[in-house]
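Listed below are the residues making up each chain.
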Amino acid sequence: MSTEKNEAVTVAKPSMIENLKSNPKVLYVAVGAVVIVGLLLALSGGGGGQQVKTIAAVAPGQTVTVSNPNGGETQLNALPTLVSAAQTEEDEKQIVCRVAQGTQATVVDEQSAGGLSFVRIQIKDGPCQGNAGWTPKINIK
């Protein structure tokens, strides 16, 4: 039995090598597949350096600072929803005002909608003073 296995191995090796000599495209495809798998493994890993921003607990009456993590103004909406970047006329009706970074506000209410946490805040200073509206909770600290 063992001699049959040895004969099969010795017969298989030369035929595999001869196959690669007669058809080098198979070798190129095999090497290319190994390179692609290696690149995918190298480029897909990690993520250990990313930090997740924690969202602080808030309560009605608490004073907070408006701070958009993306920079720029924070938009206050009439409802606790996100307004799309491609704003329609209906979206424009939902905007209460746009608040500058660092503006002080008071928390009025908190609600979760669509898997996101929103807070209703009333602006204490600046051009939007006195206005109240909803913004994603991540926009306050």
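Quick caveat, the model's predicted, so the values are computed rather than measured.

So, how was this worked out
- Residues numbered from 1 in each chain as written.
- Predicted model: local features only at pLDDT ≥ 70, side-chain atom pairs only at ≥ 80, totals over all residues.
- Heavy atoms only, no water.
- Helix = DSSP H or I, 4+ residues; strand = E, 2+ residues; numbered from the N terminus.
- Buried < 20%, exposed > 50% of the residue type's maximum accessible area, 1.4 Å probe, protein only.
- Contact = heavy atoms within 4.5 Å.
- Pairing = 2+ DSSP bridges.
- Salt bridge = Lys/Arg side-chain N within 4 Å of Asp/Glu carboxyl O.
- Patch = residues over 30% accessible without salt bridge, like charges linked within 9 Å, V, L, I, M, F, W, Y side chains within 5 Å.
- Areas by Shrake-Rupley, 256 points an atom, 1.4 Å probe, with all protein chains shown as cover.

(A) Region of the structure containing the environment of leucine 82. Among the secondary structure elements, leucine 82 is positioned in the loop between β2 (74-77) and α3 (89-94). Take leucine 82: its relative accessible area is 54%, and that puts it in the exposed class. Residues leucine 82 and glycine 114, spaced 32 residues apart in sequence, show a C-alpha to C-alpha distance of 9.5 Å. Sequence-distant contacts of leucine 82, that is, excluding residues within four places in its chain, are made with Leu116, Phe118 and Pro136.

(B) Focus on the pairing of strand β6 (residues 132-136). Burial of β6 is extensive: 4 of the 5 residues sit out of reach of the surface. Two elements, strand β5 (residues 116-123) and β6, share 5 bridges in a ladder whose sense is antiparallel. Pairing of arginine 120 across the sheet is with tryptophan 134, part of β6.

(C) Local environment of the pattern of salt bridges. Using the criterion set out here, one finds 1 salt bridge in the structure. Residue lysine 137 is joined to glutamate 110 by a salt bridge in which the shortest nitrogen-to-oxygen separation is 2.7 Å. One end of the pair, lysine 137, is in the segment after β6; the other, glutamate 110, is in strand β4 (residues 104-113), with 27 residues separating them in the sequence.

(D) View of the environment of valine 119. Structurally, valine 119 can be placed in strand β5. On the basis of relative accessible area, valine 119 is assigned to the buried category, the value being 0%. The spatial distance from the C-alpha of valine 119 to the C-alpha of threonine 135 is 5.7 Å, given a sequence separation of 16 residues.

(E) Region of the structure containing a nonpolar patch on the surface. A contiguous nonpolar surface patch, about 900 Å² in accessible area, is contributed by Met16, Leu20, Val26, Leu27, Tyr28, Val31, Val35, Leu39 and Leu43. In this structure valine 26 comes out as partly exposed when scored by relative accessible area, which is 39%.

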